[in-house]
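# Fold and geometry: a report
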Amino acid sequence: MEKICFINTPLQDYSKTRRKDYRTMAPLGLGHVATSAKLLGHHVDLVDAEDRGLSPEEIAQYVEMGNFGIVGINLVSPTVPISKRILELISKKNGRRIIGGGPHATTAAPHALQEMPEIDLLIRGEGEQAIQEFLEGRPYEQILGASYVRDGRMIQNASRPLLQDLDSLPFV
C-alpha cells in the first residue's frame, strides 16, 4: 500500500506573511478524495496547510520526513504560485508521483501542466473515483477526467460525468 499525502495549499506564503486571524472552510472535496484512497487501504495524511499556517518549505519538509510515495495537491487559481513553489520543493525523489486536482485543474488543465511540470496526473472534475482508478493502477488513458503529458504532448481524456448520487460519496 502507498503512503499518500494530500495537501490543501495555503492561501498565502506564510514564510513571507504573518498569519491572519481568520478561519477558512475545511477542504471537504480533498477530504472526500483522501477518504476514497483510505478506503482502499492506503496510508493517507491530509495536510490543511492553510489552517495550520504552513509555509511551502514546511510543507515540503513534512512530505520529505513522511517519505510519501504519492502527493496530491489542490489547485485553486489564486494559489497556483504557492502550489508551484511547493511542487518545486517536493520534487519527484525516489519515484514519487504527483497528482493535482481542484478548480484550477478542472478549468485550466493546459496552464496547470505547463506551469507545474512536476505534476504527473491532473484530475479534472470530481476526483473520488479517479483517485481509486489511479491507485488501482489503471492506465492514465483509461481514467475519465485525467489530463497528463505524454511524449511532450498534453492529453486530456473525456470528462467524467457529474456524480448524480452525492450519498454515494465516502463520509469524510
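## A word on the overall build of the protein chain
From N to C terminus, the protein chain includes seven helices and seven strands. Secondary structure of the protein chain in N-to-C order comes out as β-α-β-α-α-β-α-β-α-α-β-α-β-β. In terms of overall dimensions, the protein chain is globule-like: its C-alpha atoms have a radius of gyration of 15 Å, near the 16 Å expected for 172 residues. A principal-axis box enclosing the C-alpha atoms of the protein chain has dimensions of 45 × 40 × 30 Å.

## Focus: the sheet that holds strand 4 (residues 97-101)
The seven strands lie next to each other as 2-1-3-4-5-6-7, forming an open sheet whose pairing is mixed. Whereas interior strands pair on both sides, the edge strands pair on one side only; in this sheet they are strand 2 (43-48) and strand 7 (153-156). When the angles between neighbouring strand axes are averaged without regard to direction, this sheet yields 20 degrees.

## Remarks on the layout of surface pockets
Gaps between atoms show up when a probe of the same size as a water molecule is rolled over them. Of the volumes computed, that of the largest pocket is approximately 380 Å³. Taken together, 21 residues form the lining of the largest pocket, with Gly29, Leu30, Val33, Gly101 and Gly102 sitting closest to its centre. The element that contributes the greatest number of residues to the lining of the largest pocket is helix 1 (residues 28-39), accounting for four residues. Of the residues in the lining of the largest pocket, the class split is 11 nonpolar, eight polar and two charged.

## Considerations on the pairing of strand 6 (residues 146-150)
Across two bridges, strand 5 (residues 121-123) lies against strand 6 in antiparallel orientation. If you follow Ile123 over to strand 6, its bridge partner there is Ala146. Of the strand pairs in this sheet, strand 6 and strand 7 are connected by four bridges, and their pairing is antiparallel. Pairing of Val149 across the sheet is with Met154, part of strand 7.

## Comments concerning the packing of aromatic side chains
In this description, a pair of aromatic rings is defined by centroid distance and the angle of the planes. A full pass over the atoms with the stated rule returns three aromatic pairs. Through pairs of rings, three or more aromatic residues link up here, namely Phe134, Tyr140 and Tyr148. Lying across the ring of Phe68, Lys3 places its NZ or CZ 5.1 Å from the centre.

## Quick look at the nonpolar core
Grouped burial of nonpolar side chains is what soluble globular proteins tend to show. In this structure, Ile7, Leu75, Ile90, Ile119 and Leu122 are the most contacted members of the largest nonpolar core, which totals 25 residues. The set of elements that each furnish at least two residues to this core consists of strand 1 (3-8), helix 3 (56-66), strand 3 (70-74), helix 4 (80-90) and helix 6 (109-115). With five residues, the top contributor of residues to this core is helix 4. Look past the residues within four positions of Leu75 in its chain and what remains in contact with it is Ser83, Gly100, Gly101, Gly102, Pro103, His104, Ala105, Ala112, Met116, Ile119 and Leu122. Ala34, Ile99, Leu121 and Ala130 belong to the second largest nonpolar core, which has 20 residues in total.

What counts, and where the lines are drawn
- Residues numbered from 1 in each chain as written.
- Predicted model: local features only at pLDDT ≥ 70, side-chain atom pairs only at ≥ 80, totals over all residues.
- Heavy atoms only, no water.
- Helix = DSSP H or I, 4+ residues; strand = E, 2+ residues; numbered from the N terminus.
- Rg over C-alpha atoms; globule rule 2.2 N^0.38 Å.
- Pairing = 2+ DSSP bridges.
- Axes fitted to C-alpha atoms, helices over the stretch in contact; angles between N-to-C directions.
- 1 Å grid on protein atoms, 1.4 Å probe; cavity = no way out; pocket = protein on both sides within 12 Å on 5 of 7 lines; lining within 4 Å.
- Points joined across faces, edges and corners; volume = space filled by probe spheres on them.
- Nonpolar A, V, L, I, M, F, W, Y, C, P; charged D, E, K, R; others polar.
- Phe/Tyr/Trp six-rings, centres within 6.5 Å; stacked < 30°, edge-to-face > 60°.
- Lys NZ or Arg CZ within 6 Å of the ring centre and 35° of its normal.
- Core = buried A, V, L, I, M, F, W, Y, C linked by side-chain atoms within 4.5 Å.
- Buried < 20%, exposed > 50% of the residue type's maximum accessible area, 1.4 Å probe, protein only.
- Contact = heavy atoms within 4.5 Å.

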